[in-house]
Amino acid sequence: MIMNTAATTDMTTSDMLPRALIVIVALVFTPVLAAVRAAETRATETHVSDHGNSLGEAIKRDAKAVGAAFKEGAHRIGVASKAVAHEIATAAKRGATETRSALRGQKADTPAT
C-alpha cells in the first residue's frame, strides 16, 4: 500500500487563506488588547495611588495639628512653670525675711504679694 504523500501535504491557496487571516488578525489585535489591558491596570493603580496620596496628606495635616497643639501645650507648661517658680521664690524670700526677723527678735514685715 503506497500512499501519495504529495497529495496529502499540498495546500492550496484557499486552505492557507483562513489560517493566514487568523494570524494577521492576531498580530494586529494583540498590541491593541495589550494597550487596553495596560490602561485598565493604570487606572486601577492611579486610583490606589490617589488614595495613598490623600492618606499621606491627611497624615501630614494631622501631624501639623498635633505639632501645633504640642507647641501650645509646651508653651503653657513653660508659662505655668515660670509662675510656680516665681511663687516659690516669693515664698522663699518671705520665709527668709520672717526667719531673719525672728532671729533678731523683731516682728516680721510681710511684703505685699
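Our structure is the block above this text.
Let us look at the structure shown here. None of the values given here were measured: they were computed from a predicted structure. Here the residue index of a chain counts from 1 through its sequence in written order. In keeping with the predicted nature of the model, local features appear solely for residues at pLDDT of at least 70, side-chain atom pairs appear and are counted solely at 80 or more, and the whole-chain, interface and lining totals rest on all residues. Only heavy atoms go into the side-chain values, all of them from the structure, while hydrogens and water stay out.

## Remarks on the overall build of the chain
Across its full length, the chain holds two helices and zero strands. Counting the 113 residues in the chain, one finds 1% classified as buried. In this text, helices come from DSSP runs of H or I with a minimum length of four residues, and strands from runs of E with a minimum of two, each type numbered from the N-terminal end. Between buried and exposed lies partly exposed: a residue is buried under 20% and exposed over 50% of the maximum accessible area for its type, with that area taken using a 1.4 Å probe on protein chains only.

## Description of a nonpolar patch on the surface
Patches draw on residues past 30% relative accessible area with no salt bridge. Two like charges within 9 Å are joined, as are two nonpolar side chains (Val, Leu, Ile, Met, Phe, Trp, Tyr) within 5 Å. In these tables, accessible area is a Shrake-Rupley quantity obtained with a 1.4 Å probe, and a residue counts as shielded only by the protein chains included in the view. A side-chain nitrogen of Lys or Arg and a carboxyl oxygen of Asp or Glu constitute a salt bridge if their distance falls within 4 Å. Together, Leu-21, Ile-24, Val-25, Val-28, Phe-29, Val-32, Leu-33 and Val-36 give the surface a local cluster of nonpolar side chains, amounting to about 720 Å² of exposed area. With respect to the element layout, Val-25 can be found in helix α2 (residues 13-104). The partly exposed category is assigned to Val-25, whose relative accessible area is 39%.

## Quick look at the pattern of salt bridges
Between side chains of opposite charge, pairing is possible as soon as their charged atoms come close. Scanning the model with the defined rule gives one salt bridge in all. Its salt-bridge partner being Glu-72, residue Arg-76 comes within 2.9 Å of it at the nearest N-O pair. Placement of both Arg-76 and Glu-72 in helix α2 is noted, with a separation of four residues, approximately one turn of the helix. Residue classification places Arg-76 among the exposed residues on the basis of a relative accessible area of 57%. Note on Glu-72: relative accessible area 43%, which makes it partly exposed.

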